[in-house]
Amino acid sequence: MTNYEDLKDTFKFERLPLAYVNLDLLDSNIESIIKAANGMKIRVATKSLRCREIFDYLVKTHADSFNGFMCFHLEEANWLLDQGVDNILVAYPYFRSLEFEKITDHIKLNKKISVMVDCIEHLEVLNEVGMKNYCHIPVCLDLDLSVRFPFIYFGVYRSSLKSEKDVEKLLCSINEMKHIKIVGVMGYEAQIAGVTDNNPFQKLLNIPIRILKKLSISRIHKRRQKVVKLCRDKGHDLEYVNGGGTGSLDSTTLDYSCTEVTVGSGFYSPTLFDYYKGFKYEPAAAFALEVTRKPKNKMITCAGGGYVASGANSLDKIPKPYLPTGLKLEPNELCGEVQTPLHVKKSAFELQIGDPVFFRHAKAGELCERFNEIILLRDNKIQAKVKTYRGEGKCFL
Ligand SMILES: Cc1ncc(COP(=O)(O)O)c(C=O)c1O
């Protein structure tokens, strides 16, 4: 159990703000996630960790459970491949990038890399790159797994491949393209993995969402299974079928067509991942702000803090005061760009100017876009300081 006074003592000589990862809690999350994956290999979602040392830590401590990385940008993939990382799926398409030429260098060196496609335009660009560079470009088909109910579209708007028929049509065009090789299918059930169903900020929606999730899962699995069978029947030798995310481990691992599941956020377990009914991981990552003012009795103001998460605008995207307990955001200001006022309830530790206040981010990797380094703790002691992507001067999106 993390306690405020221990944390305060640990960081007494550190500048604030800072971000940290508690390795003991990270270890506990890794163990729980591997258990939940139930023998299925895990592909690490880099966007949700954004720190190379953490990737190394996962893979070195539990090599048998992991199977490569899911990157969020082509430039990122090339950079990681240059550092010796292998087995990368670039999960989101980018097509104005000169990075394709670099990718072909890696392909020729037998590095494992595949890029996401969902339409003929994507394939045409890649086929051309392959032709110019005398190689085959490994691609992964992105299958949309949104589900339509009367008056409700339960899903996201990303891939144009919505059905077996769409995939069949695309496969016919691929026959003409001699420099493309289909090596994978990804079907990410965003509405299961990424939608909270026990969220105190949307109490009335939790039960309907749980019902929609329950009704969707078998349809999702069937669609993914049919598309995988179709690809195999058409002679495409799939190396992997990827599905899921932290929020859908329990169901994705039941789909026999999946060979691997993606996980990222669950390792840090930010606040949005407290709001699922089916699991609970430990708050391994957090950040600290400095108390700089006391505007009135029972209020303090901290420096910084406005690290609001992406996605639909709602209160669950705002950082949450974590330690000491008993602090509450001021509803008219929430977390500010350079200052964050907090109400101090009776139970809160007696905070002085200069003291740290610990917060948790709503999302996982986005925290790393605010800090150059993460402080790694073991037994509540500083073990190391490691660079985030930002600290390495890398900003991909
Ligand atoms: C394609 C894809 N797969 C998997 C995930 C799951 O990642 P996480 O475990 O961080 O929720 C995401 C997250 O948005 C995603 O976009």
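No experiment lies behind these values; they were computed from the predicted model shown.

Calculation rules
Residues numbered from 1 in each chain as written. Predicted model: local features only at pLDDT ≥ 70, side-chain atom pairs only at ≥ 80, totals over all residues. Helix = DSSP H or I, 4+ residues; strand = E, 2+ residues; numbered from the N terminus. Rg over C-alpha atoms; globule rule 2.2 N^0.38 Å. Buried ≥ 20, exposed ≤ 12 C-beta atoms within 10 Å, placed from the backbone. Near = placed C-beta within 6 Å. Nonpolar A, V, L, I, M, F, W, Y, C, P; charged D, E, K, R; others polar. Contact = placed C-beta atoms within 7 Å. Core = buried A, V, L, I, M, F, W, Y, C linked by C-beta atoms within 7 Å. Domains from an automatic or database assignment. Pairing = 2+ DSSP bridges. Axes fitted to C-alpha atoms, helices over the stretch in contact; angles between N-to-C directions. Expected span 1.5 Å × (residues − 1). Bend = angle between axes of the 7 residues up to and from the residue. Parallel < 35°, antiparallel > 145°, perpendicular 65-115°, else oblique. Left-handed = near helix turned anticlockwise from the far one by under 90°.

> Hey, could you run me through the overall build of the chain in this one?
The secondary structure content of the chain amounts to 11 helices and 19 strands. The C-alpha radius of gyration computed for the chain amounts to 22 Å, which stays within 12% of the reference 21 Å derived for 397 residues, consistent with globular compactness. In terms of its C-alpha atoms, the chain occupies a principal-axis envelope of roughly 75 × 50 × 35 Å. Looking at the chain as a whole, 45% of its 397 residues are labelled buried.

> Help me understand the site of the ligand, please; the structure alone is not making it clear to me.
Neighbouring the ligand are 14 residues, the closest being Ser 48, Gly 245, Thr 246, Gly 264 and Ser 265. Those elements that place two or more of their residues in the shell around the ligand are strand S11 (260–263) and helix H11 (265–268). A breakdown of the residues in the shell around the ligand according to their chemical character gives 6 nonpolar, 8 polar and no charged.

> Sorry if this is basic, but what is going on with the environment of Thr 325 here?
Within the element layout of this structure, Thr 325 appears in the loop between strand S14 (320–323) and strand S15 (327–329). A C-alpha to C-alpha distance of 8.3 Å links Thr 325 and Tyr 4, two positions 321 residues apart in sequence. Non-local contacts of Thr 325, meaning those with residues more than four positions away in its chain, are made with Ser 347 and Ala 348.

> Before we go on, may I ask you to explain the nonpolar core in this structure?
Here is a general trend for soluble globular proteins: nonpolar side chains tend to be buried in one another's company. Counting residues in each nonpolar core, the largest one holds 108 residues, and the members touching the most others are Val 21, Val 44, Ile 88, Val 90, Val 139, Val 185 and Val 357. The element best represented in this core is helix H2 (residues 23–37), accounting for 6 residues. The residue makeup of this core includes at least three contributed by each of domain 1 (23–267) and domain 2 (285–388). Beyond its immediate chain neighbours, meaning those up to four positions away, Val 44 contacts Leu 49, Phe 55, Leu 58, Phe 66, Phe 69, Met 70, Val 263 and Gly 264.

> Explain the sheet that holds strand S2 (residues 41–45) here, please?
What holds strands together in a sheet is hydrogen bonding between their backbones, with the strands either parallel or antiparallel. One closed barrel holds the 8 strands; their spatial order is S2-S3-S4-S5-S6-S9-S10-S11, and the pairing between them is parallel. Direction aside, neighbouring strands of the sheet carry axes that sit 30 degrees apart on average. In this sheet, strand S4 (residues 88–90) lies alongside strand S3 (residues 66–71) in parallel orientation, the contact comprising 3 bridges. Directly across from Met 70, in S4, lies its bridge partner Leu 89. On top of the sheet, helix H9 (residues 203–233) reaches strand S6 (137–143), strand S9 (180–187) and strand S10 (240–243); it is set at about 165 degrees to S9, its chief contact.

> I tried to follow H9 on my own but got confused; where do I start?
Helical periodicity: at 3.6 residues per turn, an α-helix aligns residues three or four positions apart in one direction. Here H9 contains 31 residues, and its C-alpha end-to-end distance of 45 Å stays within 8% of the 45 Å for a straight helix at 1.5 Å per residue. The principal kink in H9, of about 35 degrees, is found at Ser 216. By the burial criterion, the buried members of H9 are Leu 212, Lys 213, Ser 216, Ile 220, His 221, Arg 223, Arg 224, Val 227, Val 228 and Cys 231. Looking one or two residues past H9, Gly 235 carries a phi angle of roughly 90 degrees, positive in sign.

> What is the right way to look at unusual backbone geometry in this model?
The peptide bond linking Leu 16 to Pro 17 adopts the cis configuration, its omega dihedral lying at 0 degrees. Relative to the assigned elements, Pro 17 resides in the loop between helix H1 (4–10) and strand S1 (18–22). Omega for the peptide link from Leu 323 to Pro 324 comes to 0 degrees, which places this bond in the cis form. If you trace the backbone, Pro 324 turns up in the loop between S14 and S15. Backbone geometry places Asp 379, a non-glycine residue, at a positive phi of 50 degrees. For Asp 379, the position within the fold is in the loop between strand S18 (373–378) and strand S19 (381–387).

> Explain the domain arrangement of the chain here, please?
The extent of an interface is frequently quoted as the accessible surface area lost upon association of the parts. Here the domain parsing of the chain yields domain 1 (23–267) and domain 2 (285–388). Computed over C-alpha atoms, the centres of domain 1 and domain 2 are 32 Å apart. The interface of domain 1 with domain 2 comprises 12 residues on the first partner and 14 residues on the second. By residue class, the composition of the side of domain 1 that touches domain 2 is 4 nonpolar, 4 polar and 4 charged.

> Would you mind going over the pairing of S11 with me for this structure?
Successive residues of a regular strand alternate their side chains across the two faces of the sheet. Judged by which residues are buried, S11 turns out to be covered on both faces: Glu 260 and Thr 262 on one side and Val 261 and Val 263 on the other are all buried. The pairing of S2 with S11 spans 4 bridges and is classified as parallel. Within the sheet, the bridge partner assigned to Arg 43 lies in S11 and is Thr 262. One ladder, built from 2 bridges, connects S10 with S11; its direction is parallel. By the bridge assignment, Gly 243 is partnered in S11 with Val 261.

> Which parts of the structure should I look at to understand the environment of Gly 278?
Tracing the sequence through the fold places Gly 278 in the loop between H11 and strand S12 (285–293). Separated by 75 residues in sequence, Gly 278 and Ile 353 place their C-alpha atoms 40 Å apart.

> What am I meant to see in the packing of helix H7 (residues 164–174) against H9 here?
A pair of packed helices is characterised by two quantities: the angle between their axes and the separation of those axes. Following both chains from N to C, one finds H7 and H9 inclined at 20 degrees, their axes separated by 10 Å at the closest point. Classified by the angle between their axes, H7 and H9 sit roughly parallel to one another. Classified by chirality, the crossing of H9 by H7 is right-handed. Of H9, the residues touching H7 (which contributes Glu 164, Val 167 and Glu 168) are Lys 226, Val 227 and Leu 230. For the contact of H7 with H9, the class distribution of residues is 3 nonpolar, no polar and 3 charged.

> Help me understand the packing of helix H4 (residues 74–82) against helix H5 (residues 99–108), please; the structure alone is not making it clear to me.
Contact geometry of H4 with H5 gives a least axis separation of 10 Å together with a crossing angle of 35 degrees. Crossing angle aside, the handedness with which H4 passes H5 is left-handed. Along the contact surface, H4 presents Leu 74, Glu 75, Asn 78 and Leu 81, while H5 presents Glu 99, Lys 102, Ile 103 and His 106. A class-by-class count of the residues in the contact of H4 with H5 yields 3 nonpolar, 2 polar and 3 charged.

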